[in-house]
Amino acid sequence: MDNPHALIIGGSMAGLFAAHLLRTIGWSVDVYERTAGDLAGRGAGLGTSEELFAVMRQIGVVLEPTLRVKVHSHICLDRFGDIACEVPVSHLSSAWDRLYRALKRALPPDCFHAGVGLDTFAQEEHRVTAFFSNGDSARGDLLIAADGVHSVVRQHVLPEIEPRYAGYVAWRGVLVAAEYPAKLKELLSRHMVFCFPEGEQAFSVPLAPADSASSVRVQFVWFRPVDYVNELPELCTDANGIKHGVAIPPPLIRRAVIERLKADAKARLAPQIAELVMRAKQPILQAIYDLESPRMTYGRVAFMGDAAFVARPHVGAGVTKAALDAEALTKALSDSGNDIDVALASYDRLRTAAGKQMVERARYLGSSIGPLLPNSEETRKLRAWRTPEIMMREIGTTAVVDGERIDLS
Ligand SMILES: Cc1cc2nc3c(=O)[nH]c(=O)nc-3n(C[C@H](O)[C@H](O)[C@H](O)COP(=O)(O)OP(=O)(O)OC[C@H]3O[C@@H](n4cnc5c(N)ncnc54)[C@H](O)[C@@H]3O)c2cc1C
């Protein structure tokens, strides 16, 4: 087959990895991204892995030194700010905006169609046709669904598969060096700092600077149980009483909600992390979901990244998973001499298993968050056993459990 062609739906991390890697084996690609503007503002902290950087190198992206920040250890603070324990887990942190921009810049601009959303698509035996919201259509040999957790493609072919609310939300915020207290710089810019109020989890993590001339940023993340039926819609109602469902654009979060968050931070968190919540200009609210698909392919459609599986953020590996999905599909196509059906069968087998494993692990890591139900003896036992020290060893992409590094690929 000459120059096979892929239509890639979604121009975020998964879509960009797929576009780059397919081009390395001679495919032509077109990426269609619904959002017209720059996506870089949407991401924040990024747990990384050696596997992720290997894919970046394979693509030919230059990994500037400031793209990575070393995390020297995980430190747990008690309610009064004293160190309760420290574990020597070291790894590299990056930032979503830096990786996204590096990937986007490296792609020829005529491959990327911003502000073009997929409406629907049709399959023949060996071809796929995509129909877009602007009235255009395009034909290709393969359609890659990299359109995220609420994938339009998935809703067409697997409408019964929906994200499942985890029972809690993440509040997060990013502070540049001038915004966090200078006296905390040594602690916050070199370590991941945790505290574990009952049924909740909060941490700060160093973030790669916005560009090579700036200083390390810090992100806080605070997981808090929130009831889906009443409480979450209330948090997502703006100052004019307009209800935004279960997700609200950050600038519309009501002042009273932010004030309540800050008061709770003072009352429940170690003062060093509470300080970040107090100083954050614009806290972001995000409901946490699990998503598990039974398969990664459907005819000439390949799902990738969050469109297929979403693991809770405790594994810090959503972007690594997207990169490894794209790498696996590219390798399967290359190994099969571009026999697309053979390649898709192999991709489906490998990456469905990997996705399920990651979702399961992330669910386990999140099991300490949430109210303790009166008759849940199992949860009580699990929580009693999982001390902060154990949790701090388990959390993250480069987690080490019982001396063994957990393999996320
Ligand atoms: C609180 C939190 C912390 C996280 N921390 C980390 C971390 O430390 N490390 C890590 O690796 N991951 C982390 N993640 C996960 C990570 O952000 C995601 O896994 C990753 O961004 C998924 O990329 P994606 O390209 O699959 O999906 P998305 O980034 O969701 O992109 C999907 C894209 O498709 C577009 N789109 C949707 N529908 C259409 C359509 N019909 N037509 C065209 N385009 C469409 C969207 O506009 C979007 O740009 C975290 C997530 C959360 C919630």
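As the structure is a prediction and not an experimental result, all values here were calculated from the model. (Residues numbered from 1 in each chain as written. Predicted model: local features only at pLDDT ≥ 70, side-chain atom pairs only at ≥ 80, totals over all residues.)

Time to look at the nonpolar core. If you look at the biggest cluster of nonpolar residues, it comprises 117 residues, and the most contacted ones within it are Ile8, Ile9, Ala18, Ile144, Ala145, Ala302 and Met304. In terms of residue count, helix 9 (residues 318-335) provides more of this core than any other element does, nine residues in total. Looking at which domains feed residues into this core, each of domain 1 (5-63 + 97-163 + 290-364) and domain 2 (70-94 + 166-289) supplies at least three. Setting aside chain neighbours within four positions, we find Ile9 in contact with Tyr32, Leu118, Ala130, Leu143, Ile144, Ala145, Ala146, Asp147 and Val153. (Core = buried A, V, L, I, M, F, W, Y, C linked by C-beta atoms within 7 Å. Buried ≥ 20, exposed ≤ 12 C-beta atoms within 10 Å, placed from the backbone. Helix = DSSP H or I, 4+ residues; strand = E, 2+ residues; numbered from the N terminus. Domains from an automatic or database assignment. Contact = placed C-beta atoms within 7 Å.)

So, on to unusual backbone geometry. A positive phi angle, near 65°, is found at Asn338, a position not held by glycine. Relative to the assigned elements, Asn338 resides in the loop between helix 9 and helix 10 (340-365).

As a further point, take the domain arrangement of the protein. The domain architecture assigned to the protein consists of domain 1 (5-63 + 97-163 + 290-364) and domain 2 (70-94 + 166-289). Here the C-alpha centroids of domain 1 and domain 2 sit 29 Å apart. Facing the 15 residues of domain 1 at the interface are 14 residues of domain 2. For the side of domain 1 that touches domain 2, the per-class residue count stands at eight nonpolar, three polar and four charged. (Nonpolar A, V, L, I, M, F, W, Y, C, P; charged D, E, K, R; others polar.)

Turning our attention to the site of the ligand. As a structural note, the neighbourhood of the ligand is formed by 36 residues, with Gly10, Ser12, Gly148, Gly305 and Gly318 the closest of them. Listing elements by their share of the shell around the ligand, those giving two or more residues are helix 1 (13-24), strand 2 (28-33), strand 3 (45-47), strand 13 (164-175) and helix 9. Element by element, the count of residues in the shell around the ligand is highest for helix 9, at four residues. Partitioning the shell around the ligand into residue classes produces 16 nonpolar, 15 polar and five charged. For the shell around the ligand, the domains that each give at least three residues are domain 1 (5-63 + 97-163 + 290-364) and domain 2 (70-94 + 166-289). (Near = placed C-beta within 6 Å.)

The next point concerns the sheet that holds strand 9 (residues 118-123). Spatially, three strands are ordered 9-10-11 in an open sheet, and the strand pairing comes out antiparallel. Sheet topology places strand 9 and strand 11 (137-140) at the edges, where each strand pairs with a single neighbour. Going across the sheet, the axis of each strand differs from the next one's by a mean of 20°, ignoring polarity. Where strand 9 and strand 10 (residues 128-132) come together, five bridges link them in antiparallel fashion. In the strand pairing of strand 10, Thr120 is matched with Phe131. (Pairing = 2+ DSSP bridges. Axes fitted to C-alpha atoms, helices over the stretch in contact; angles between N-to-C directions.)

Another aspect to go through is the sheet that holds strand 2. An order of 8-2-1-12-19-18 is seen for the six strands of this open sheet, with the pairing classed as mixed. A strand with exactly one partner marks an edge of an open sheet, and here the two such strands are strand 8 (112-114) and strand 18 (297-298). Where strand 18 and strand 19 (residues 301-303) come together, two bridges link them in antiparallel fashion. Along strand 19, the bridge assignment pairs Tyr298 with Val301. Contacting strand 1 (5-9), strand 2 and strand 12 (142-145), helix 1 crosses the sheet at an angle of about 170° to strand 2.

Most of strand 1 is tucked away, with four of its five residues classed as buried. Pairing between strand 1 and strand 2: five bridges, direction parallel. Along strand 2, the bridge assignment pairs Ile8 with Val31. With respect to chirality, the unit in which strand 1 leads through helix 1 into the neighbouring parallel strand 2 is right-handed. The sheet contact formed by strand 1 and strand 12 spans four bridges and is parallel. The residue of strand 12 that forms the bridge with Ala6 is Leu142. (Right-handed = clockwise from strand over helix to strand, strands pointing away.)

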